[in-house]
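# Descriptive structure summary
What follows is each chain in one-letter form.
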Amino acid sequence: MRGNALGKQATTCDYCHTTVEDDNYLDCRICEQIVHIKCLPHASTPGDLLGDVFFDFTCIKCVRKEPQSGVEPPKERLVRQRIPWLLVLTLTLYNLSIKSKGLSHHGYFHWRTHIISFVNKNWNYIFEPRARRRKQWAGSVSGALSHNSPEYFQSGVSVCTETGWWKLAKPHLTPRSVRAEYEQRLLERQLLRTDRRLPVVDENSCDSDLSVTDHLSDAQATATTEEAVERLLPVSEGCARAIPYMGRPPPAVEQPAELHNSKSRRRGMSRSKSM
Ligand SMILES: [Zn+2]
Ligand SMILES: [Zn+2]
């Protein structure tokens, strides 16, 4: 695998044979050669989002080596990777800050007005086709912003005198570099867990599990009282501090009561049986 910042392997675009000088390139998953995004047929990736390198890419040379079928001429393959909310929001704020700077308030964007709208508009490009669109995804966005602050996102509460405004904590970092940093942190955290023999799931675990697709076991394992509270609240600014809930739809509110009742009923029954 190639490291960040062009590691030790190829630094030359396999299509135009000139040097790749920034992070706007894709790595072929088969030959591991790199290709400028500007050298792709339409000079862009699907969705044309700036800094978007989160694809499983197969270059034209490798596609041509595959057995060809049909009359369609062979072309590059770009398959969207499954990306955590942290990177979705990084991509979003990165694009907003470059393309829509005028919308910002001192460089900060509003999570609902700008961020949610951007994700919504680009949903089909950002998420893999199998990703399920959860009803509570707006709450997940505000949760992921607060949860990854101040490491990745900076709140504009002091500048904008209002909650809900955000910008990238390190605006100079490309989404590719943010991913590298994020993966490094994950690795360090994993090592730390092993060292301290901490349980696999801790209060920080949800930022690594943020995804629109189901993470059944993770979601169940991380279910907390705060999440239970979040479920009861309407999605609003007030939710911004709540931990995002990324698993299955929450059980109905009355379910615990039912469980409790049925348990006590069972207990009552067994007691009456034993009597
Ligand atoms: Zn090139
Ligand atoms: Zn290739």
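A brief structural summary. (Residues numbered from 1 in each chain as written. Chains lettered and ligands numbered in written order. Predicted model: local features only at pLDDT ≥ 70, side-chain atom pairs only at ≥ 80, totals over all residues.)

### What to know about the overall build of the protein
When its secondary structure is counted, the protein shows 10 helices and seven strands. Split into buried and exposed, the 275 residues of the protein put 30% on the buried side. Considering only contacts within the protein whose residues lie at least 6 apart along the sequence, 64% involve residues at least 24 apart. (Helix = DSSP H or I, 4+ residues; strand = E, 2+ residues; numbered from the N terminus. Buried ≥ 20, exposed ≤ 12 C-beta atoms within 10 Å, placed from the backbone. Contact = placed C-beta atoms within 7 Å.)

### Section: the nonpolar core
Counting 29 residues, the largest nonpolar core has Val-88, Leu-89, Ile-115, Val-141 and Trp-166 as the members making the most contacts within it. Considering every element that reaches this core, the biggest residue donor is helix α2 (residues 85–99), with nine residues. If you look at the next biggest cluster of nonpolar residues, it comprises nine residues, including Tyr-25, Leu-26, Val-35 and Cys-59. (Core = buried A, V, L, I, M, F, W, Y, C linked by C-beta atoms within 7 Å.)

### What to know about unusual backbone geometry
Ser-149 connects to Pro-150 through a cis peptide bond whose omega is 5°. Tracing the sequence through the fold places Pro-150 in the loop between α5 (137–147) and β6 (153–155). Of note, His-106 is a non-glycine position whose phi angle comes to about 55°, a positive value. Mapped onto the fold, His-106 is located in the loop between α2 and β5 (109–110).

### Points about the sheet that holds β6
The strand order across the open sheet built from three strands is β5-β7-β6, with neighbouring strands paired in antiparallel fashion. At either end of the open sheet lies a strand with only one pairing partner, and these are β5 and β6. Two elements, β6 and strand β7 (residues 165–168), share three bridges in a ladder whose sense is antiparallel. The partner of Ser-155 across the bridge, within β7, is Trp-166. (Pairing = 2+ DSSP bridges.)

### A word on the environment of Trp-165
Looking at the secondary structure, you find Trp-165 in strand β7. Looking at Trp-165, the number of C-beta atoms within 10 Å reads 25, which means it is buried. As a C-alpha pair, Trp-165 and Ser-155 span 10 residues in sequence and 5.9 Å in three-dimensional space.

### Concerning helix α3 (residues 111–121)
Residues Trp-111, His-114, Ile-115, Phe-118 and Val-119 constitute the buried set of α3. For α3, the angular spread of buried residues about the axis comes to 115°, placing them on one side. Opposite the packed face of α3, turned more than 90 degrees from it, sit the exposed residues Thr-113, Asn-120 and Lys-121. (Arc of directions from axis to C-beta.)

### Quick look at the packing of α3 against α5
With their axes 11 Å apart at the nearest point, α3 and α5 run at an angle of 115° to one another. Considered as vectors, α3 and α5 are oriented roughly perpendicular to each other. The interaxial crossing formed by α3 with α5 has right-handed handedness. On the side of α3, the interface is formed by Trp-111, Ile-115, Ile-116 and Val-119, while α5 contributes Ala-138, Val-141, Ser-142 and Leu-145. Looking at the contact of α3 with α5 residue by residue, the class counts come to seven nonpolar, one polar and no charged. (Axes fitted to C-alpha atoms, helices over the stretch in contact; angles between N-to-C directions. Parallel < 35°, antiparallel > 145°, perpendicular 65-115°, else oblique. Left-handed = near helix turned anticlockwise from the far one by under 90°. Nonpolar A, V, L, I, M, F, W, Y, C, P; charged D, E, K, R; others polar.)

### Section: the packing of α2 against helix α7 (residues 175–196)
At a closest axis distance of 10 Å, the pairing of α2 and α7 adopts a crossing angle of 155°. Accordingly, the angle class assigned to the pair α2 and α7 is roughly antiparallel. Here α2 runs over α7; the crossing is right-handed. For the pair α2 and α7, the contacting residues are Leu-86, Leu-87, Thr-90, Leu-91 and Tyr-94 in the first and Pro-175, Val-178, Arg-179 and Tyr-182 in the second. The class makeup of the residues in the contact of α2 with α7 is seven nonpolar, one polar and one charged.

### A few points about the pairing of β7
As paired elements, β5 and β7 share two bridges and run antiparallel to each other. Opposite His-110, over in β7, you have Trp-165 as the bridge partner.

### Points about α5
For an α-helix, 3.6 residues make a turn, and residues three or four places apart therefore share a direction. Where burial is concerned, most of α5 is hidden: eight out of the 11 residues are buried. Along α5, the residues classified as buried are Gly-139, Ser-140, Val-141, Ser-142, Gly-143, Ala-144, Leu-145 and His-147.

### What to know about the environment of Tyr-15
Residue position: Tyr-15 is located in the segment before β1 (25–27). Assessed through the 17 C-beta atoms surrounding it within 10 Å, Tyr-15 is described here as partly exposed. The sequence separation of Tyr-15 and Cys-59 amounts to 44 residues, and the corresponding C-alpha distance is 9.2 Å. Leave out the neighbours within four places in its chain, and Tyr-15 touches Val-35, His-36 and Cys-39.

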